[in-house]
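Chain residues, written in single-letter form:
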Amino acid sequence: MKLSYLIHNQSYNVPLMCKRFTAVLFVILVLAQSSLCMGQAGIIPDSSLSDRRVAYQIQAQLDPDLKTITGSQRVSWRNPDNVAVDELQFHLYLNAFKDTLSTFMKESNGAHRGFSATVEDPWGGIEVSRMSIVGEEERDSTPLGGSAESDTEITDRIRFIQPDDQNASDQTVISVALPEAVPPGETITVEIDFESKLPEIIARTGWKKKDNDSLFVLVAQWFPKLGVYEVPGQRYVPATASSGSWSTHQFHANSEFYADFGSYEVDITVPENYLVGATGEMVGEETANGYRTVRYEAQDVHDFAWTAGGDFLEFEDQWEHVSLRLLIQPEHVAQVKRHFDAAKIGLTYFNDWVGPYPYSTLTLVDGIGGSNGMEYPTFITCGTAYKLPKWVRALEVVTIHEFGHQYFYGMLASNEAEEAWLDEGINSYLEMRMMDIAYGEGAVFDFPWIRVADSDVQRFGYVANNPSSGAIFTKSWEYTRSSDYGKASYFKPATVLSTLEGYLGWETMKDIMKTYYSEWRFKHPTTRDFIDVANRVSGEDLDWFFDQFIYGTHVVDYAVGEIEVNEEGEEIISTFTVLRENNGVMPLSIRAYFADGTHEDLIWNGEEEKKTFSFAKGIALEEVHIDPEDKIWLDINRLNNRKRVTPESKFATQSLSNSLVWLQQFFQFASSIF
Amino acid sequence: MLGKSILEGFRLIRGRFRLAVLVYALNLLLVFAVAFPVYRIMMESVGATGFGKDLLLEFDILLWREILIENRDSLQQLLWTVLLVIPVFWVWKTAVQMGTIYALHQGAMWSFWPGVFTHTGSGLMVGLCFLPLKAAWVVLTFIGAAFLQTSYFSGEVGSFWLMAVCTPIVLLTGLAILELYQRYARLALVVRNDRLVQALKVGFVWPQRHSVISLVYLYWYGITAGVFLFSMFVNAELHVGTSYVLLALFIQQVIMLGRSAVTVGWVGSEVFLFESTLVKKEARLVKSEQGA
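Residues numbered from 1 in each chain as written. Chains lettered and ligands numbered in written order. Predicted model: local features only at pLDDT ≥ 70, side-chain atom pairs only at ≥ 80, totals over all residues. Heavy atoms only, no water.

What to know about the packing of helix 7 (residues 156-191) of chain B against helix 8 (residues 196-209) of chain B
Residue and element names in this part refer to chain B.
And then number 1: Between helix 7 and helix 8, the shortest axis-to-axis distance is 7 Å and the interhelical angle comes to 130°. One way to sum up the angle between helix 7 and helix 8 is to call them oblique. Two packed elements cross with a definite hand, and for helix 7 against helix 8 that hand is right-handed. Contacts from L180, Y181, Y184, A185, A188 and L189 of helix 7 reach helix 8 at L196, A199, L200, V202, G203, F204, P207 and Q208. (Axes fitted to C-alpha atoms, helices over the stretch in contact; angles between N-to-C directions. Helix = DSSP H or I, 4+ residues; strand = E, 2+ residues; numbered from the N terminus. Parallel < 35°, antiparallel > 145°, perpendicular 65-115°, else oblique. Left-handed = near helix turned anticlockwise from the far one by under 90°. Contact = heavy atoms within 4.5 Å.)

Considering the interface of chain B and chain A
And then number 1: Each side of the interface is counted separately: chain B has 71 residues, and chain A has 53 residues.
And then number 2: For the chain B and chain A pair, buried surface summed over both sides reaches about 6000 Å², with 67% attributable to carbon and sulfur atoms.
And then number 3: On inspection of chain B and its partner chain A, the count reaches three salt bridges.
And then number 4: Here E648 of chain A ties to K53 of chain B by a salt bridge, and the two come within 3.8 Å at their closest N and O atoms.
And then number 5: Inspection of the chain B/chain A interface yields 15 residue pairs in polar contact (both at pLDDT 80 or more).
And then number 6: At 15 residues, the largest contribution of residues to the side of chain B that touches chain A is made by helix 2 (residues 17-47) of chain B.
And then number 7: Residue composition of the side of chain B that touches chain A, by class: 41 nonpolar, 18 polar and twelve charged. (Buried area = accessible area lost by both parts, 1.4 Å probe. Salt bridge = Lys/Arg side-chain N within 4 Å of Asp/Glu carboxyl O. Polar contact = N/O pair within 3.5 Å; in protein donor to acceptor, adjacent residues only side chain to side chain. Nonpolar A, V, L, I, M, F, W, Y, C, P; charged D, E, K, R; others polar.)

Re the nonpolar core
And then number 1: Counting 169 residues, the largest nonpolar core has W222, W306, L430 and F576 of chain A as its most contacted members.
And then number 2: The dominant element in this core, judged by the number of residues it contributes, is helix 7 (residues 421-439) of chain A, at nine residues.
And then number 3: Leaving out residues up to four positions away in the same chain, L430 of chain A has contacts with F350, W353, V354, F408, W506 and M513 of chain A.
And then number 4: Core analysis: the next-biggest nonpolar cluster, separate from the first, contains 51 residues, L178, V216, I255 and L273 of chain B among them. (Core = buried A, V, L, I, M, F, W, Y, C linked by side-chain atoms within 4.5 Å. Buried < 20%, exposed > 50% of the residue type's maximum accessible area, 1.4 Å probe, protein only.)

Concerning the packing of aromatic side chains
And then number 1: What the rule picks out here adds up to 67 aromatic pairs over all chains.
And then number 2: Measuring from ring centre to ring centre gives 5.2 Å for F594 of chain A and F615 of chain A, while their planes differ by 90°; the resulting arrangement is edge-to-face. Here F594 of chain A, found in strand 32 (residues 588-594), pairs with F615 of chain A, found in strand 34 (residues 610-617); they are 21 residues apart in sequence, far enough to count as distant.
And then number 3: Judged by relative accessible area, F594 of chain A falls into the buried class, the value being 1%.
And then number 4: Taking 5.4 Å as the distance between ring centres and 65° as the angle between the ring planes, the aromatic pair formed by Y217 of chain B and W266 of chain B counts as edge-to-face. Pair noted here: Y217 of chain B is in helix 9 (residues 211-238) and W266 of chain B is in helix 10 (residues 245-291), with a separation of 49 residues, a long-range link. The pair formed by Y217 of chain B and W266 of chain B is uniform in burial state, with each residue classed as buried.
And then number 5: The side chain of K67 of chain A reaches across the aromatic face of W207 of chain A, ending 4.3 Å from its centre. (Phe/Tyr/Trp six-rings, centres within 6.5 Å; stacked < 30°, edge-to-face > 60°. Lys NZ or Arg CZ within 6 Å of the ring centre and 35° of its normal.)

Overview of the sheet that holds strand 35 (residues 621-626) of chain A
Residue and element names in this part refer to chain A.
And then number 1: A sheet is described by the order of its strands in space; here four strands give the open sequence 33-32-35-36, paired in antiparallel fashion. Strand pairing shows two members of the sheet lacking a second neighbour, strand 33 (599-604) and strand 36 (642-644), which therefore form its edges. The sheet shows a mean angle of 15° between the axes of neighbouring strands, taken without regard to direction.
And then number 2: The pairing of strand 32 with strand 35 spans five bridges and is classified as antiparallel. Note on strand 35: the bridge partner recorded for I590 is I626. (Pairing = 2+ DSSP bridges.)

Spelled out as structure tokens, the structure:
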């Protein structure tokens, strides 16, 4: 439902009475709608959706000249274990951009997805200047930043650790040994002063100046963020273990994030003329001395990111109970509707296919360069280009994909560093389905002669990139080929799940998604948990499938072999072979077409390397087609799935015809300028 | 003058239609050398699969990938053939142009082939003189565009207009102007039997002195662009049918015959303009210069 567009908070000129009436009507409608929606969904937003193990209060001030964030934070952590815990671990991910020695820089060679530094000092980093434990009494009585005598200084207990690669120069994870262990179920509160220096944008974090000299910042991974303490039985910690342990990974070139659910109260101070967008909901705003401080609050999220810029235009829209806010670069203003339409498609389909979106806000940001295409809770960066044609739907793909991460990452908060496919892959699968349903045959590229669907992109990304290399179930920093991470995290899972859909049917797949969501939202599911849901919902042990394509690198390629047609008396004996040309096994159907236009379908378990089929009929076999309904998307070569007894020349003739015309046109054109 | 020369062009299309057929046939022959291997490759790789019907109806990026991989060697050979055809085409185009000018000069009573045999050599010399100029224009345009982008238009909007709009327009306009000069140099070779240097002088000077030359050129350029777009439209529309492949081939070739007829009309217009008007005007200009 489109209510109004706002530009710099100025709504279009509507008569006041009309506006008031509209506003009242809107409030009534939204309340009615949202209560209806919440009631249907069974989610009550006022109560805790997650177990909220952490709570952050942060005050942050942006210095646009130095590109730094000066911050203080008070973070509380509740020990979920049955034993006392004497250590805290934090991510200091901005240190990935501190120098060339960090693990991120070593693994990425200083460039991320094609973006690298363009200025003399592109470096970033985060420095913790003070860390102290706040006493239980002071926690509620002392304001943030007001240190009390009873605070226990623990700054000198901070040490950098490198749990993944022992790169001593990497400073993206710290461990803090506590003077006193936190008893089971008890909460510790730590106050931290820090200064974050933003890098020139890399890996969807940092600053960039536009041509008109206005500053844009995407402030992500910017504060000391606790790792996840996993208790026995949680994820891969054995249930029989005597204690849990911290799961805190270094920042790798390919890895993303993992943190615990909790609440955030964040005050952000920026120059007065800057617009701010952030995770959660803006609950307050103050202006003083040329600076604006906005307060954001978010509950049941596991990260907090924000953006600010002097050159944003702001638009608003509404989808059921969700307030949509778009911060867009002025040069892209013609694409406001495209952003909102895509976001609403995402909201509608994810709501239908997976489950309700429980938050009340979604902020869409049209960032600059390497800041785009990223997800944070209730906050996504999309990205487009000036005059992007409507038939190139890159903007829509990214917007729907990043919104999908509100589910697969946001609420189903798997460990992205260890099992990236659970968020990127499942999300790519659903994004692909949505794009192709919502936008049709040419969902991604819709040019009259060349229509490319999102499903084509996903399949192509898998089959064209060495399908036998890099298992999906691999830690993101352990892929040996650089392109394997992208393939195994995005394209291959989408192709694998589409093949599973072909095997189980969409309704079952949808049930799997809904069950996975309802059982694991606001938790940290693993691959094992997803498979367990799939097995239970489908009523079938699907390990044979997941072992091959999630844990293994099996490759599917079936082909039609020889076809023979012989007359024996009045009978015509038609014989053909089907070959399994690689190690992947899938049950499949085979369709045999006969000269009279009839066909017969056969089912084969696909296990043998060669299988011969025969027909004795009064009519000759004309064509054999493996997987005629195109259900096995994992088949890396479809061209050999089909074979005719007598070749057909229509396509070749049309190719000849087209070639003649194109070449004649080309030569005629060339002759007019050369 | 403009109207007359254009009308003369259309009259010649009608009057020398066999010449248009000849030009069309020669062009077709040349491109057939490249297009036929495409037929062979598609027949071999798709004909036996049964996917032909699907590919006729829609683009399938995955099947195309397999076709390209399966025929990598044949396609490499095809690419070499295309590269070899480029210089052949350059000579060919010159020969056709010289033959057509010859056939259409002095009342369009001449045949095509003597013009080809007599004037192709000198036509090529003119082409060789223009080739470095055209190459230099391409290089200068890109250097200029790169300079402007880094210095003044590094932003997204500026870059778009500079690189996606202005640069191609400037590039093609410059090449079209040089082509215009080249055409008139070649006209001078055939119509006035000028020597190379004199012909080049005519080519560079006359179009600047007589604006009607550019108008005639633009007129026919517009018609060829229209034929091009119509052909592409027809190609797109015919693409959806599977039953009328041969009919589509026929229609497309009729359009291409039309395109060759436009070539004849275009050259005819320019020859008429050159002979009936410009030669006399230039003679008067020279006389008045000598008198002065």
